[in-house]
Structures are given as C-alpha cells and as structure tokens.
Amino acid sequence: MARYEYLVNLSYLWYSFANVNVGSEEIIRNRREISQIFEEIRRNQCERCITNTLESGSRAEGFRFAASDLDIMKVYKLIKVEMEKITNGKHTCNKTFLTMEIDKTRPGFCLLSHRYSSGSEFISNSLVFYQTKTYLSSALWRIENMKHPQTSMIHGPCENYRACVIEVDFAHCLEYTKWPKQAVPCILRMIKAGWPSTDVLTGIVQNGCHLVPIGDKLSDKEMIEWRISFSVAEKTLIHQMNHCQFLCYGMLKIFLKDVIDKQMETKGLICSYFLKTAVLWEIVNSKKSWFKEDFLKWIWICFRRLLSWVKEGYCPNFFIPENNMFMGKIYGRTQRLLLHHLTTLYMEGYRCLPVGDCNTCSAVLCQPNVFHFPVTQLNYMCDKWIVDTDLIKEIRSSFRCYVFSNHKGPTIRDISFLQRLQHYEQKNVKKLVIDIHLYHSIQTILFSSVQKMIPNFYVGCNKGLYRLVCKLLSSLQHTKIDVATHMFLSAIFLYRCGMYRRVLRIVINIKKHLQKHNVMYEWTFHADKYKEAGGEFLPVDVMMKKVMVFTWRLTTCICLPELDIIHAEGCRSLYPPMVLLYFLSYMSHYRLGMYSVADSVLNDLNVLVNYDDGQQVPREYKGISWLVLGTCQEIGGYIQDALTSYHNVLEVEANYSFILETALERIENL
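About the cut-offs
- Residues numbered from 1 in each chain as written.
- Predicted model: local features only at pLDDT ≥ 70, side-chain atom pairs only at ≥ 80, totals over all residues.
- Heavy atoms only, no water.
- Salt bridge = Lys/Arg side-chain N within 4 Å of Asp/Glu carboxyl O.
- Helix = DSSP H or I, 4+ residues; strand = E, 2+ residues; numbered from the N terminus.
- Buried < 20%, exposed > 50% of the residue type's maximum accessible area, 1.4 Å probe, protein only.
- Polar contact = N/O pair within 3.5 Å; in protein donor to acceptor, adjacent residues only side chain to side chain.
- Contact = heavy atoms within 4.5 Å.
- Patch = residues over 30% accessible without salt bridge, like charges linked within 9 Å, V, L, I, M, F, W, Y side chains within 5 Å.
- Areas by Shrake-Rupley, 256 points an atom, 1.4 Å probe, with all protein chains shown as cover.
- Core = buried A, V, L, I, M, F, W, Y, C linked by side-chain atoms within 4.5 Å.
- Expected span 1.5 Å × (residues − 1).
- Arc of directions from axis to C-beta.
- pLDDT = per-residue confidence, 0-100.
- Pairing = 2+ DSSP bridges.
- Phe/Tyr/Trp six-rings, centres within 6.5 Å; stacked < 30°, edge-to-face > 60°.
- Lys NZ or Arg CZ within 6 Å of the ring centre and 35° of its normal.
- Axes fitted to C-alpha atoms, helices over the stretch in contact; angles between N-to-C directions.
- Left-handed = near helix turned anticlockwise from the far one by under 90°.
- Nonpolar A, V, L, I, M, F, W, Y, C, P; charged D, E, K, R; others polar.

Side-chain pairing between opposite charges can occur once the charged atoms of the two side chains come close. Here the structure, examined in full by the defined rule, presents 20 salt bridges. Between Arg-42 and Glu-39 there is a salt bridge; the shortest N-O distance is 3.6 Å. One end of the pair, Arg-42, and the other, Glu-39, are both in helix α2 (residues 25-45), three residues apart, so they sit about a helical turn from each other. The burial state of Arg-42 is the same as that of Glu-39; both residues are buried. Measuring nitrogen to oxygen at the nearest pair gives 2.6 Å for the salt bridge that ties Glu-562 to Arg-591. Remark: Arg-591 occurs in helix α21 (residues 577-591) and Glu-562 occurs in the loop between α20 (540-547) and α21; sequence separation between them is 29 residues. Relative accessible area serves as the criterion here: at 38%, Arg-591 is assigned to the partly exposed category.

Structure below.
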C-alpha cells in the first residue's frame, strides 16, 4: 500500500512536470484550435489551385519543442491515384491518372504506373520504363519538385531547407482518396477497442491516405516505389487522445531526446514515430482508462512495448502491422547495442526518466527508501497570464509558418471569406486568429495597392487614391489588434503616399502610446506588469489591444523606399517600434524641408541605437537598427557617420543575410 501511494505521488509529480514541459490541457486546446482555423483558411485559398497544403508532424499534433520543425505536405490535386482493378470511366481533362500496385512491394509501399495523362509534361520528367510499364519515379519526382535547389537538401521523402530561423520539411505528395485495403484490419481493431468514436473513424476512412516519394531501402525498386503515409489519420488520432495519453507521448519524446539519444552508438536509431506507434498500440489494446494517478505506469508500459520490439527486431506499423519499420535499420550488432542500452535504462526504473528543472521530482527521486508521504493533488491549471502568453506566441509562430507554406498573397476573395468567418465564429481563440489574419490580408493588399498607384499619385489621381486610402485605413482601424501597429501601418502607408504632415500627427500619437509604463513588446514581457494591467481577469484580446505591441507585424516586407533593402526569399527581420518611429519622423521632417528638426530627430535615433539597454532595441535587432540609422545619416549628408553605422551592421548581424548584403552594397557605393 505504501509503495502504491509512493508511485501515485510520483505520477502526480511527473504529470505536473509534463504539463509544464509539454503544455497544459488549455494550452494544447488553444494550439489545436489555432491549427484548425489555419487549416480552414488554407483550404479556402487552395480551392482554385492545383495543389493543396497540409501541415503535419509534431507541430500539427500540438507539440512545441525547440527541435520541432515545420512539416508541410503539398498535395497535387491534378494527379489521381486509383487501384489496379479500376480501369473504366471517363478521363477528365487536365488530369493525370496513376494506378497503385501493392502486390510487387513490401507492405506499406506501392508502385504508381502511368495510365493516362492529358498534360503529360507535368510529370513527364519523372516517368521511367520498368518491366513493360511506365512508372512515376519517386526519386525523380523529389528532385523535379525541389523549390529551393540551391539552398535545400533531400531529407527522406522531403525537401529540407531553412527559412531564416524556421526549419522546413516540404513533402511533395499525392493523394489516394480511398482507404487502402491493407489498412482495413486497423479500422476493425479500433472499432473493437471503441476508440476513437465512430464519427471520427468514418472521417479518417473518408480522408484516405497519401503517397510520399520514398521507396523501401532494401528493395531493388527503391527509385520507383512510394511509401503509403497516414499522416492525416495520425494527426486525427493524436487529437482524439485524452490529456494523460497525450502527455505520455510527449514525455516519451522528451525521454528519447534527453536520455535514450545520449549514448552516441545508438543515437538516432529510435525515432519519435516509433514512440507514437507504441502509444497508439497501447491505447487500442488496453482495456483500462488512462488517468494521471497512473501516469508513470503508462509511460513505463509504452517503454516496455518498445523494448520488446527491439528484442524481437520487429516494430509493426500501426496501420499496416505487416510493415516492420525496424527492417534495414535495427538488426545485428546495432540491435544488440540498442537492446543493452534500453534494458539498462529499464532496470534503473523511474529514476532514469528526465527531470530537467523539476526540483520537486529530483528531491523525491533522491529518497528511494521513503515510500510513504502525503498524497498531494497538484493544481494542473496554468495561471491565466501563462496561457495568454503561450496563445500570443502560438498565433505568431503559426502565422509565420502559414506565410512560409503559402507563397500566394491574399486576395479580395480571401478578405470576404475571413469577414464571413469573423461574423459566424463564436470561439474567442479562433475569432482572435481570424481578426489577425484579416488584419494581415488588408495590410498586404494595402501596400500592394500603394506600389501600383504611387506613380500616378501626382498626375491627377489624388481623389481616387484618397478614397482608397480612407477605405483601407478605416478597415485597419476596425481590425485593431494591439496598441500601436495599426497606427504604424497607417503612418507608413500615408508616408508612401506623400502625406508627410499627417504622418507626423500619427507619429506623435504613437509615441504617446509607446511611452506608457505598462506597454510591452515580446522581449519586455513581464508577468507582474501584465497582471497589474488587468491580465488576471481581462480577456486576452482586450489585453493585446491595451498593453501589447505586435512587433512581428512591423517587418521588412513593408520596406520603405529609402531603405531599399535587398530581400532574401522568405526572410524578414523586424523593425524595433521606436527605431521605425524615429525613421518616419526624420524622413517626414526632411521631406517637408524642416532640416533642423530632422537633425534633432536623427540625434535621438543615434542615441537610441547606440546606447539603448535592450528595452527598445534588443540585440537580435541591432543589425536592422544600424541599417536604418545609416540610411538616415546618408540621406542627411553625414557620409562618414553612415559608413560607421553600416560597418556596425557587419559586426552585429548574424541571422539575416539580406541585411548584411544591403550594408555591404551601401559601403561599396559610398
């Protein structure tokens, strides 16, 4: 009895640790709601496109570990895959038809023979002839569809590249709209287990599967084989887990990174997909419910299942058990080393689990002979400010990922769709995401309109442009999302239109707001400040409009003509708000011929960039700040000072190559 209470207490402690390191129930729910609304927006944008874009992998499942990258599936809608027996039917114009052959490959893989194409140039470079038939080669398809051939590399079935600070895995895949007959027993197994619900299972079957361009490494047909992927079904199943099951999976991922992979000889042999598979098998095989008082037990059961798989040398795929995922990877000496390593960890018991910074867990584990202490039901609800800050960060990172995965800009049709969503959506989190997305779309169209209309601004189009300005600026004001960004964008827009006096009036108003004591940027966020401003009881959208400045909306994509930054694709630095404010003030005074006032503003900007303690100009944005200062100095005729500023850019900038390139070009020109 004493030992049972001891293990229950440990389970509560580890459950608390997992809530902190993986995410509380409310935080995970917010992440998934945000993911769902972005999926809906993507689906609407892709209705008239030849491809559809899906987010998959650990990020789509709800994890936000430092090592988590962005996994994107690009599905080609004009290529239809059918089973071998289906040969009749009318061929559709502009469609390519392929036949899936599964009898010539190992379970989990297939061949795609080319049957008909009304526009064969779309896939012609990826077709090969093999044993009297023409097949679509997975290897050639990967190379043919690489979007960044100079900067990317092939990583499994994906094109891997780095877009500034984001690691992206881009899989160019095909869709099979039916459920594969090899995976039918999996559905029957889940029906028998009663998990997930019948409605969810129906949706999984209706969504079918995808075919990703990678073959079986042990096959002589590897170059033309495709792997059957159930990424969408997996994401759905992960979302159907209760919080205890999800945290168990998350703790196993932490265990893999912090413990299993510490031994160099076996590092990389176990991947998180094997752990996911172990959790899914336990859920459908276990007759008991998963509760937090048994949290450690379930982690250990899943680990034991993994250990048994390594011992047998057989890891059955959840959807197609005949597919041994260890084949060609874990065998012989490698298998023996891994088995020894995992067995050693298993014999250590719960003390081998990672504790990180969990001092309470560490203290308890240091007392192995103490089996009885008071059972404490910990409070697993996060403070509201923690949930709010995670929500704000999540919206920012999700929006960034959305921009990287959708290169097509917004249209008026997208704005209409978002306004309809905004009208009908009731959930606060989703409504907030829609507001921000609508704000972004209006901003993007606003600035693209400027680019087109500026050349005609001084030749009789003043009234038409003025009406457009009023309409779009009114839309920006209506979709206000934080303290000052809408005013910044209005000021930049008016500056581009040559309305310098109106810009200066807005600049004064912005400065008044930014100098309030409770205004916070992402790098100056403080819990006490947030609570003092009412964060404990006010909704997060109200708090954002009251105290937050979304600096991530002030990026170099709204580059002003004087800055003339050389852009690198997909890379966007941020303008620190006060630096951008002084830039607009200086340039407006300069354009109005108020040179003495302009010099005074330039001096203030110089002091800010050189002597700020990180509150207004954090270190990571020093490069763009020096570039802005140098631009102002060059325009004002202070050439030597400008050269000094550009040289400073070279010393401090490390993240954004296009800023370095711009500074080098300026130095050469001067």
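Additional details are given in the paragraphs that follow.
This brings us to the side chain of Lys-235. Topologically, Lys-235 is positioned in helix α7 (residues 231-240). Within the structure, the side chain of Lys-235 is placed 3.1 Å from the backbone oxygen of Glu-55, a separation counted as a polar contact. If near-sequence neighbours (up to four positions away) are discounted, Lys-235 is found in contact with Glu-39, Glu-55 and Ala-60.

Before going further, it helps to examine a nonpolar patch on the surface. There is a patch of nonpolar side chains on the surface, built from Val-184, Leu-188 and Ile-191 and spanning about 270 Å² of accessible area. Its location among the elements puts Val-184 in helix α5 (residues 184-193).

All right, on to the nonpolar core then. Ranked by internal contacts, the top residues of the largest apolar core, which has 94 residues, are Ile-436, Phe-488, Leu-514 and Leu-584. Ranked by residue count, the leading element in this core is helix α15 (residues 428-453), at 11 residues. Among all residues touching Ile-436, those that are not within four sequence positions of it are Ile-395, Phe-399, Ile-481, Met-544, Phe-550 and Trp-552.

This paragraph deals with the side chain of Arg-32. With respect to the element layout, Arg-32 can be found in helix α2. When near neighbours in sequence (up to four residues on either side) are disregarded, Arg-32 contacts Glu-61, Ile-238, His-239 and Phe-246.

Further remarks concern helix α11 (residues 332-348). With 17 residues, α11 extends 25 Å between its outermost C-alpha atoms, agreeing within 8% with the 24 Å of an ideal straight helix rising 1.5 Å per residue. For α11, the set of buried residues is Gln-335, Leu-338, His-341, Leu-342 and Leu-345. Seen along its axis, α11 keeps its buried residues to an arc of 135°; they face one direction. Away from its buried face by more than 90 degrees, α11 exposes Arg-333, Arg-336, His-340 and Met-347. Buried residues in α11 make contact with α8 (243-258) and α10 (295-312). Backbone geometry just downstream of α11 places Gly-349 in the positive-phi region, at approximately 80°.

Here the chain averages 84 in pLDDT, while 85% of its residues score no lower than 70. Segment residues 357-375 is flagged for pLDDT under 50; beyond a separation of four residues in sequence, or across chains, it makes 30 contacts in the model.

With respect to burial, strand β1 (residues 51-56) is a largely interior element, five of its six residues being buried. Of the pairings in the sheet, the one linking β1 to strand β2 (residues 70-76) comprises six bridges and is antiparallel in character. Within β2, the residue paired with Glu-55 across the bridge is Ile-72.

Right, let's get into the packing of aromatic side chains. Scanning the model with the defined rule gives 27 aromatic pairs in all. Their ring planes at 15° and their centres at 4.5 Å tell us that Phe-230 and Phe-319 sit as a pair that is stacked. Taken together, the residues Phe-230 in the loop between β12 (225-229) and α7 and Phe-319 in the loop between α10 and α11 connect sequence positions 89 residues apart. Assessed through its relative accessible area of 4%, Phe-230 is described here as buried. Overall, the relative accessible area of 1% leaves Phe-319 in the buried class. Lying across the ring of Phe-63, Lys-253 places its NZ or CZ 5.1 Å from the centre.

Along α20, the positions that sit buried rather than exposed are Val-540, Met-543, Met-544 and Val-547. Taken end-on, α20 shows its buried residues confined to a sector of 105°, consistent with a single buried face.

Turning next to the packing of helix α24 (residues 639-652) against helix α25 (residues 657-669). Between α24 and α25, whose axes approach to 9 Å, the crossing angle comes to 150°. As for how α24 packs across α25, the hand of that crossing is left-handed. Contact with α24, carried on its side by Leu-643, Tyr-646, His-647, Val-649 and Leu-650, involves Ile-659, Leu-660, Ala-663, Leu-664, Arg-666 and Ile-667 of α25 and no other residues of that element. Each residue belonging to the contact of α24 with α25 can be placed in one class, and the counts come to nine nonpolar, one polar and one charged.

Glancing now at unusual backbone geometry. Negative phi values dominate among residues other than glycine, just as trans dominates among peptide bonds. Between Trp-195 and Pro-196 the backbone carries a cis peptide bond, its omega angle lying at -10°. You will see that Gln-131, though not glycine, has its phi angle at about 50°, which is positive. In this fold, Gln-131 is placed in the loop between β6 (127-130) and β7 (133-136). For Gln-131, a relative accessible area of 55% translates into the label exposed. Here the phi dihedral of Thr-132 falls at roughly 75°; this positive angle occurs in a residue that is not glycine.

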